[in-house]
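# Notes for the structure review
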Amino acid sequence: MSSPKKCAAIVVGAGPAGLAVVGNLLEQQLGKIVWVDPFFQAGRVHSKYREVPSNTKVALFQAYATATLPFRSVINSSRIPNAFTTMAKLDQEKTCHLHHAADVVRALSDGLVKMDQVYACRGHVTAANLDHTRSWTVRIKGLDAQDEVEVSTTRLILCTGSSPTTVPVPVAEDTVKRLDLDIVLKPSELASTISSTSSTTVAVVGASHSAILALLNLFDLARTSHPNLRIKWFTRHPLRYAEYMDGWILRDNTGLKGRAADFARAQLEDSALPTSDAGRFITKIDCAGGLGKEATQYQRHLPGCSYLVQAVGYTRDPLPELSVTGLALESEDLNWDSTFGGFTDRSGRVIPGLHGAGIAFPERVVDPCGNVEHAVGFFKFMKFLKRVTPQW
Ligand SMILES: Cc1cc2nc3c(=O)[nH]c(=O)nc-3n(C[C@H](O)[C@H](O)[C@H](O)COP(=O)(O)OP(=O)(O)OC[C@H]3O[C@@H](n4cnc5c(N)ncnc54)[C@H](O)[C@@H]3O)c2cc1C
Ligand SMILES: NC(=O)c1ccc[n+]([C@@H]2O[C@H](COP(=O)([O-])OP(=O)(O)OC[C@H]3O[C@@H](n4cnc5c(N)ncnc54)[C@H](OP(=O)(O)O)[C@@H]3O)[C@@H](O)[C@H]2O)c1
């Protein structure tokens, strides 16, 4: 791997967040940007969520794709038809499957990696050390493990993403097999993972977007190709929906939207489930009422299930080893602060030149009612980066 020894910025990750960072930094003409990812294929939106229906309107993907000058120049120089023209033909006010969004991110990435100011490294950032001169020395391992380089920079941006969270359950773990949430969100893979002939019960935990889509995908199988499939739905709170207020959205980041909201309203509410189509296959296990009640419900209803899938949020993927003058940064020394898009240590001091974005490092937002949420979504990342990157 031949790469510059010094550069203006190193961006780790080429999902929608890493791409948006590169677009914004290029606009500022800071100099060479080293961009590191093993694939440059839009991150998890392409690798895991292509079959997921979006919970944001097509118009917001379009707004993301045209938000920076370098993005627009890629679009303008792309041969027609392409991922942008395909997306432009969709109803802008409706949602779409995420393969459309993934293809736009891949096309933009293909364009940016060809630009002179971008040096794309296929590999992983494994470690980074900040020295007395406020410069980060960043170790990059190529896909061929022998291939390793060190590059220094004053700006290191972590856009490393998150994966499904799993938590322990209060029954012997060997009695039920774990089913990966990523598989359940991909109907084509789910259909071949679960037996279509033998009796199978899948326990689904959660009540937010991922959980509702998991229920929807399993229900679709049960009513078509997998008639012996049954679902137990472990949920500890009522269904919560995004609400469109005057100029803003209540529960914009946590409430159900799009297809998940339509399905939940029509089929999963307590008033609907006993008589709905979904209710023929899904049994709700009410886990509300505190940890004791929750544990009792698991102990009573989980044994006998063939699979357990937890849809209980996403956890940051492992970060590169980070150190300051050779001393490892502990987790207490790495506090994300989205007011400026950077990190502080345990004494509240800013860690120079270290930044983040994306699902792993989202913006903290407060709505007009005072509810605190994390802004996760393509256009939300873009809005956040427009605000913070000029200070980086
Ligand atoms: C199921 C689901 C559906 C969603 N639907 C929508 C939607 O409809 N609309 C919307 O706007 N948002 C949606 N989101 C939210 C968000 O857009 C996605 O989570 C998105 O994938 C986040 O992008 P990211 O770039 O932060 O992370 P990722 O997509 O996870 O990308 C991270 C990248 O970093 C790379 N990486 C990690 N560590 C290293 C390293 N050390 N060195 C080099 N590379 C590294 C990874 O290989 C990966 O390519 C959805 C999220 C989920 C979970
Ligand atoms: N395109 C789509 O439709 C789609 C699909 C999936 C995800 N997404 C996006 O991805 C992000 C993550 O969404 P998400 O739905 O996966 O998760 P999430 O919004 O982070 O919510 C996690 C949910 O899990 C619950 N939970 C946590 N621990 C639990 C436990 N031990 N037992 C039971 N429930 C538990 C939480 O409930 P409590 O409040 O009770 O803790 C919360 O409702 C969001 O930005 C979302 O918009 C989008």
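Quantities reported herein were computed from a predicted structural model and do not represent experimental measurements. (Residues numbered from 1 in each chain as written. Chains lettered and ligands numbered in written order. Predicted model: local features only at pLDDT ≥ 70, side-chain atom pairs only at ≥ 80, totals over all residues. Heavy atoms only, no water.)

## A look at the side chain of H100
Applicable threshold: Here a strand is any run of E in DSSP of at least two residues, a helix any run of H or I of at least four, and the numbering for each starts at the N terminus. What makes two residues a contact is simply this: any of their non-hydrogen atoms within 4.5 Å.
Mapping H100 onto the fold places it in helix α6 (residues 98-113). Apart from residues lying up to four places away in sequence, H100 is in contact with T86, M87 and L90.

## Quick notes on the domain arrangement of the protein
Inclusion rule: Segmentation into domains, and thus their bounds, comes from an automatic or database assignment. Here the quantity called buried area is the total loss of accessible area, with a 1.4 Å probe, experienced by two parts when brought into contact, counted for both. Salt bridges are defined by distance alone: a side-chain nitrogen of Lys or Arg within 4 Å of a carboxyl oxygen of Asp or Glu. Whenever two N or O atoms come within 3.5 Å, that pair is a polar contact, provided that in protein one can donate a hydrogen and the other can accept it, and provided that, for residues adjacent in sequence, both atoms are side-chain atoms.
Domain boundaries in the protein define domain 1 (6-163 + 315-391) and domain 2 (166-312). One C-alpha centre belongs to domain 1, the other to domain 2; they are set 31 Å apart. Domain 1 puts 20 residues into the contact, and the matching count from domain 2 is 16 residues. Between domain 1 and domain 2, the buried area comes to about 1,500 Å², and carbon and sulfur atoms account for 50% of it. Considering only the surface of domain 1 that becomes buried against domain 2, E51, N55 and E373 emerge as the three largest contributors, covering 37% of it. Here domain 1 and domain 2 share 2 salt bridges between them. Of the charged contacts, one joins R44 and D182 as a salt bridge, the two residues approaching to 2.8 Å between their closest N and O atoms. Taken together, domain 1 and domain 2 are joined by 9 residue pairs in polar contact (both at pLDDT 80 or more). Mapped by element, the contributors of at least two residues to the side of domain 1 that touches domain 2 are α2 (44-47) and β23 (372-375). Broken down by element, the side of domain 1 that touches domain 2 gets its largest block of residues, 3 residues, from β23.

## Observations regarding helix α3 (residues 58-65)
Operational definition: Only protein chains enter the accessibility calculation, which uses a 1.4 Å probe. A residue is then buried if its area is under 20% of the maximum for its type, exposed if over 50%, and partly exposed in between. Directions pointing from the helix axis toward each C-beta atom define the arc.
Here α3 has its buried residues at V58, F61, Q62, Y64 and A65. The buried residues of α3 occupy an angular sector of 160° when projected down its axis, which confines them to one face. Along its buried surface, α3 packs onto α1 (16-27), α4 (69-76), α5 (83-88), α6 and α12 (378-388).

## Regarding the sheet that holds strand β11 (residues 229-235)
As a reminder, the rule being used: In this description, strands pair whenever DSSP reports at least two bridges between them. Between N-to-C directions, angles span 0 to 180 degrees; the directions come from axes that are lines fitted to C-alpha atoms, helices contributing only their stretch in contact.
If you walk across this open sheet you meet the 5 strands as β9-β15-β10-β11-β14, and the pairing is parallel. At either end of the open sheet lies a strand with only one pairing partner, and these are β9 (177-178) and β14 (282-286). Here β9 runs beside strand β15 (residues 307-310); their pairing, made up of 2 bridges, is parallel. Each residue of the ladder has a partner; that of K177, found in β15, is Y307. In the packing of helix α9 (residues 209-222) onto the sheet, contacts are made with β10 (200-205), β11 and β14, and the angle to β11 comes to roughly 165°.

## Brief notes about the pairing of strand β22 (residues 363-366)
Of the strand pairs in this sheet, β22 and β23 are connected by 4 bridges, and their pairing is antiparallel. Looking at β23, one finds that V366 is bridged to V372. Between the antiparallel neighbours β22 and β23 lie 5 residues, among them G370 with a positive phi of about 90°.

## Describing the site of ligand 1
What counts here: A single heavy atom is enough: if one lies within 4 Å of a molecule or strand, its residue is considered near that molecule or strand. Note on areas: Shrake-Rupley with a 1.4 Å probe; residue coverage comes only from the protein chains shown.
By nearness alone, 33 residues border ligand 1, and D37, N55, T56, I359 and F378 come closest of all. Surface burial for ligand 1 is 90%, taken as the share of its 980 Å² of free accessible area covered by protein chains. Those elements giving two or more residues to the shell around ligand 1 turn out to be α1, β3 (33-37), α2, β4 (118-130) and α12. Per-element tally for the shell around ligand 1: the top contributor is β4, with 3 residues.

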